[in-house]
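In case you want the letters, here they are:
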Amino acid sequence: LAVAVDVNPRRDPVTHVVLLFGAVLFVAPLWLALVGSTQDPAAIARGDLSLLPGHEGFSAYARVLAGPVPRMLLLSLGMALAIAIGKIVISVLSAYAVVFFRFPGRKLAFWLIFITLMLPVEVRIIPTYSVMAGLGLINTFTGLWLPLIASATATLLFRQVFVAIPDELVEAARMDGAGPLRFLWDVVLPVSAANIAALFVILFIYGWNQYLWPLLVATNPKLDTIVIGIVKMVAVETETDWSAVMATAILALLPPVVVVLLMQRWFVAGLTESEK
């Protein structure tokens, strides 16, 4: 069976130019931050930012690593991991219950979860803060991530994956004597592994970039995340050490980049896999 493939060599240069232009748009800010971290802060403040590395070298990195930045990075890492893992665990269990269990109010529970998609964090920020205050979780590490571990979006995504599991597989597991927990562990989770990995990457970056909620719930400087720390480094009344700010920004990029690189294969598989 011959398959005709439309190959037009004249399209290749245009495609490569467009891709190159997009790559430059993404890389240019990162390059400016990297070279800015090696230049004189006063020169940057005057607008004399060079496109080449400066003579300051990596002294800015030594300065920021000697300060509270390592603690901020560890705090952000812990918060991002707690949010990502918490969202996945809760979403898997809730989707599993909605799909495979028959109980009164099952459809109502699903629609209540679906409705919460219309209530972003900014809308429910005041009642959430009130609940955290009532539980005594203000200015605590638990308060940073606990209200953010429920995800209607992740629940709906896992529901779509679970619905695609053939009924024959469910019946076979039941005939083999597999209980709900064993079926979840031996069948459902392996089938959803690629989706879990892809969602973990997305949720980790979501948790890493959190700004509004940590800003409100943690007034103790020892609980500043790296995102809040960068904002606080941009001084208003005093001269800003821009090389230190840019060095901190580069360091803040490393954990998400490492997560994406380590899980790239599973991330792509989770986004492109259509058959279960």
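By convention here, each chain's residues receive numbers from 1 onward along its written sequence. Restriction of local features to residues with pLDDT of at least 70 applies here, the model being predicted, together with a cutoff of 80 or more for giving and counting side-chain atom pairs; totals for whole chains, interfaces and linings are based on all residues. Excluding hydrogens and water, the side-chain figures rest on all heavy atoms present in the structure.

Could you give me a rundown of the overall build of the chain, with the residues and numbers involved?
Of the regular secondary structure elements, the chain holds 15 helices and zero strands. Taken over the C-alpha atoms alone, the chain extends approximately 70 × 70 × 30 Å along its principal axes. Contacts: residue pairs with any heavy atoms within 4.5 Å of one another. Taking the contacts inside the chain whose residues are at least 6 apart along the sequence as the reference set, 74% of them involve residues at least 24 apart. Surface exposure of the chain reaches about 16,600 Å², of which carbon and sulfur atoms provide 71%. The charge count treats Lys and Arg as positive and Asp and Glu as negative. His and the chain ends do not count. Every charge is mapped onto a representative atom, which is NZ of Lys, CZ of Arg, CG of Asp or CD of Glu. Across the chain, 17 positive and 17 negative side-chain charges occur, with their mean positions spaced 8 Å apart. A run of H or I in DSSP becomes a helix once it reaches four residues, and a run of E becomes a strand once it reaches two; helices and strands are each numbered from the N terminus. To be clear on the numbers: accessible area is Shrake-Rupley with a 1.4 Å probe, and residue cover counts the displayed protein chains and nothing else.

I'd like a rundown of the side chain of T128, residues and numbers included.
With respect to the element layout, T128 can be found in helix α6 (residues 125–134). Taking the relative accessible area as the measure of exposure, T128 reaches 16% and is therefore buried. Non-local contacts of T128, meaning those with residues more than four positions away in its chain, are made with P147 and W213. Each residue is placed in one exposure class: buried if its accessible area under a 1.4 Å probe, protein chains only, is under 20% of its type's maximum, exposed if it is over 50%, and partly exposed if it falls in between.

Requested: an account of the nonpolar core, with residues and values cited.
Working definition of a nonpolar core: buried Ala, Val, Leu, Ile, Met, Phe, Trp, Tyr and Cys residues. They are joined through side-chain atoms within 4.5 Å. One finds F162 and I226 to be the most contacted residues of the largest nonpolar core, which totals 43 residues. Residue assignment for this core shows that the elements contributing at least two residues are α3 (59–65), α4 (69–100), α8 (152–163), α9 (167–175), α10 (180–191), α11 (193–208), α13 (226–233) and α14 (242–262). At 10 residues, α4 tops the list of elements feeding residues into this core. Contact partners of F162, with chain neighbours within four places excluded, come to V92, A95, Y96, V99, F100, V188 and S192. Formed by 13 residues, the second largest nonpolar core is a distinct cluster that contains L75, M132, L144 and L148.

An account of the pattern of salt bridges is requested, with residue identities and associated values reported.
In what follows, salt bridge is the name for a side-chain nitrogen of Lys or Arg lying within 4 Å of a carboxyl oxygen of Asp or Glu. Here the structure, examined in full by the defined rule, presents four salt bridges. The salt bridge involving D186 is made with R182; its shortest N-O contact spans 3.3 Å. Of this pair, D186 and R182 both sit in helix α10, separated by four residues, roughly a single helical turn. The shortest N-O distance in the salt bridge between K232 and D224 comes to 3.0 Å. Note on D224: relative accessible area 4%, which makes it buried.

I'd love a proper account of the side chain of S192, names of residues and values included.
Mapping S192 onto the fold places it in the loop between α10 and α11. Relative accessible area serves as the criterion here: at 0%, S192 is assigned to the buried category.

Interpretation in functional terms is not warranted from these geometric data alone.
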